[in-house]
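# Architecture at a glance
Next come the chains, spelled out residue by residue.
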Amino acid sequence: MGGFFGTVSTKDCVTDLFYGTDYNSHLGTRRGGMATYDREKGFIRSIHSLENAYFRNKFEDELPRFSGNAGIGIISDTDSQPLVINSHLGKFAIVTVAKINNIEALEKELLERNMHFAELSSGKTNPTELVSLLLIQGKNFVDGIENVFRSIKGSCSMLLLTEDGIIAARDQWGRTPIVVGKKEGAYALTSESSSFPNLDFEIERYVGPGEILRVRPDGIEQMRKPNEEMQICSFLWVYYGFPVSCYENKNVEEVRFACGYKMGQKDESEVDCACGIPDSGVGMALGYAEGKGVPYHRAIAKYTPTWPRSFTPSNQAMRSLVAKMKLIPNRAMLQGKRILFCDDSIVRGTQLRDNVKILFEYGAKEVHMRIACPPLIYGCPFINFTSSKGDLELITRRIIQEFEGDHTKNLDKYATTDSPEYKRLVQTIADRFGLSSLKFNTLETLIEAIGLPKCKVCTHCFDGSSHF
Ligand code: SF4
């Protein structure tokens, strides 16, 4: 997905920018970048690969090179950013959190209009450059950003570092968030509000869907009003978000706890304890334990000293190995127990198969699994989740393919909780992984836990409800 951070201040902003950007590291693994604007020196920018190192390690030595009262930073899952552009709108640096499904068509259109693409570092057109080219078609920034909103199929939130403050524009459907923070003499804008507490920012407000703000050290100017409709990604609360973060005033850990609590209250299975698969299953398991009235145990622990974040190599075999190496089962807590594990989701299922096998080998009597969200039936066209390899990456689709001979058939039936097709799908997943029982959260309970009206939240990957 990717995450960004920007700040404008009456003082030098480099330290806040460095740490604030780093606090978005769980959202991306490919590229990191920072740009500052200094009245004397102009724009200063740097980009590094994060494929074999962390943001902080890569940028720490370079910090003395940066200066200025305003800056933006990015942790990107795709392209090299920030880009620095000189245009009729003035000079600006840009970072985006975007997924552009019609990138090839837009690229063709722009090339036919004699535009060119300069940034081809990964062999393909850089989506952020494409956004910049669409943007500078406008007669001013608002007009240009509206052109981006109109043109792209997918989603795009962005920060622009200009010679006069930072312009923040949230995706027109609000699929990805932007949160504004404030402290004496400074503002910050970020994807993850977990970057605020240690930098002394307080949440000031949430940027609305399609809203455009210009933020200077002394205040916020609204350049475009938010749209009424919103489709914020529900998966932010389930999987992507850091527990401390809030989107639309709803805290990630609270939502995960509520998901587990509500499931625990309704669950009639007999178990000895609940346990979370680190990290995103822990909040749910704590809630489940309380709702069910069983103890919370750590029967599986994550080796944090050298696996501090969700490191995802592009190769599937390596990914599975890393996933396995990070989690260590604890025989003392597993032996002879009927254990219920909570996890955020089941995507491909590769990790789950290994985990269940190991848990039985380490003495668990029964292994039950509860999942924070409904089965993922539809690929995500909006935020690069389950991105490149198509819908058959999803375990649900592979099973539907086996059942129906066509993985696109009767999807609405498989997505309907407790329909015969849904029950058969869930039982097949449970059998395939040797689980004693498997239950997914219902969409209604997930929405209730998030606490926003269903119509404001994107649930497309569970029910195919967004038209695009
Ligand atoms: S389809 Fe799923 S992952 Fe994608 S934006 Fe919607 S809820 Fe989020």
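Nothing here was measured: the structure is a model prediction, and the numbers come from that model.

So, how was this worked out
Residues numbered from 1 in each chain as written. Predicted model: local features only at pLDDT ≥ 70, side-chain atom pairs only at ≥ 80, totals over all residues. Heavy atoms only, no water. Helix = DSSP H or I, 4+ residues; strand = E, 2+ residues; numbered from the N terminus. Buried < 20%, exposed > 50% of the residue type's maximum accessible area, 1.4 Å probe, protein only. Contact = heavy atoms within 4.5 Å. Areas by Shrake-Rupley, 256 points an atom, 1.4 Å probe, with all protein chains shown as cover. Lys, Arg positive; Asp, Glu negative; His and termini not counted. Charge placed at Lys NZ, Arg CZ, Asp CG, Glu CD. Pairing = 2+ DSSP bridges. Axes fitted to C-alpha atoms, helices over the stretch in contact; angles between N-to-C directions. Near = heavy atom within 4 Å. Nonpolar A, V, L, I, M, F, W, Y, C, P; charged D, E, K, R; others polar. Phe/Tyr/Trp six-rings, centres within 6.5 Å; stacked < 30°, edge-to-face > 60°. Salt bridge = Lys/Arg side-chain N within 4 Å of Asp/Glu carboxyl O.

Another point: the overall build of the chain. Secondary structure assignment for the chain yields 16 helices and 23 strands. Reported as C-alpha extents along the three principal axes, the dimensions of the chain are approximately 70 × 45 × 40 Å. Here the chain, with 468 residues, has 58% of them falling under the buried criterion. A separation threshold of at least 6 residues defines the contact pool for the chain, and within that pool the share at least 24 residues apart is 66%. As displayed, the chain has an accessible area near 19,600 Å², and 48% of this comes from carbon and sulfur atoms. Positive and negative side-chain charges in the chain, numbering 56 and 58 respectively, have mean positions lying 3 Å apart.

The four strands lie next to each other as 17-20-21-22, forming an open sheet whose pairing is parallel. Each of the sheet's edge strands pairs with one partner strand only, and the pair in question is strand 17 (273–276) and strand 22 (437–440). With direction set aside, neighbouring strand axes in the sheet form an average angle of 20 degrees. In the sheet, strand 17 pairs with strand 20 (residues 338–343) via four bridges, with the strands oriented parallel. Note that in strand 20 the partner of Cys275 across the bridge is Phe341. Helix-sheet contacts for helix 11 (residues 350–361) involve strand 20 and strand 21 (366–371), and the interaxial angle to strand 21 is about 150 degrees.

This paragraph deals with the sheet that holds strand 12 (residues 212–216). Pairing is antiparallel in the open sheet, where six strands are placed in the order 5-6-7-8-12-13. Each having just a single partner strand, strand 5 (83–87) and strand 13 (219–224) make up the two edges of the open sheet. For this sheet, the mean angle separating the axes of adjacent strands, direction not counted, is 25 degrees. Strand direction decides the pairing type here: strand 7 (residues 154–162) and strand 8 (residues 165–169), joined by five bridges, are antiparallel. Pairing of Leu161 across the sheet is with Ile166, part of strand 8. Relative to the sheet, helix 5 (residues 141–151) contacts strand 6 (90–100), strand 7, strand 8, strand 12 and strand 13, its axis offset from that of strand 7 by approximately 160 degrees.

The buried count for helix 1 (residues 14–22) comes to seven of nine residues, which makes it a mostly enclosed element. All of the buried residues along helix 1 are Val14, Asp16, Leu17, Phe18, Gly20, Thr21 and Asp22. Those residues of helix 1 that are buried lie in contact with strand 1 (3–9), strand 2 (31–38), helix 2 (55–60), strand 4 (70–76) and strand 9 (179–183).

Our focus in this paragraph is the site of the ligand. In the vicinity of the ligand, the contacting residues are Cys233, Ser234, Phe235, Cys380, Phe382, Ile383, Phe385, Cys458, His460 and Cys461. Here the shell around the ligand is composed, by residue class, of eight nonpolar, two polar and no charged.

Turning to the packing of aromatic side chains, a few remarks are in order. Enumeration according to the criterion identifies 13 aromatic pairs in this entry. Ring geometry for Phe92 and Phe141: centres 5.6 Å apart, planes at 80 degrees, overall edge-to-face. On the criterion of sequence distance, the pair formed by Phe92 in strand 6 and Phe141 in helix 5 is long-range, its members being 49 residues apart. Across the pair, Phe141 and Phe92 agree in class, each one buried. Centre to centre, the rings of Phe235 and Tyr239 are 5.6 Å apart; their planes meet at 35 degrees, and the pair counts as tilted. Linking Phe235 with Tyr239, this pair stays in helix 6 (residues 235–240), spanning four residues, or about one helical turn. Judged by relative accessible area, Phe235 falls into the buried class, the value being 2%. With relative accessibility at 32%, the residue Tyr239 sits in the partly exposed group. A network of ring pairs unites the aromatic residues Phe18, Tyr19, Phe55 and Phe59 as a single cluster.

So, on to unusual backbone geometry. For the peptide bond that leads from Gln81 to Pro82, omega is -5 degrees, which places it in the cis range. Among the structural elements, Pro82 can be located in the loop between strand 4 and strand 5. The omega angle of the peptide bond from Pro278 to Asp279 is -5 degrees, so this bond is cis rather than trans. Along the chain, the position of Asp279 falls in the loop between strand 17 and helix 8 (282–292).

A word on the pattern of salt bridges. Taken as a whole and judged by the stated rule, the model has 22 salt bridges. For Asp22, the salt bridge goes to Arg56, with nearest N and O atoms at 2.8 Å. On the criterion of sequence distance, the pair formed by Asp22 in helix 1 and Arg56 in helix 2 is long-range, its members being 34 residues apart. Residue Asp22 is classed as buried on the basis of its relative accessible area, which comes to 11%. With a relative accessible area of 37%, Arg56 lands in the partly exposed category. Measuring nitrogen to oxygen at the nearest pair gives 3.2 Å for the salt bridge that ties Arg65 to Glu62. With a relative accessible area of 42%, Arg65 lands in the partly exposed category. Three or more residues joined by partner-sharing salt bridges are found here, namely Asp164, Arg214, Arg216 and Glu221.

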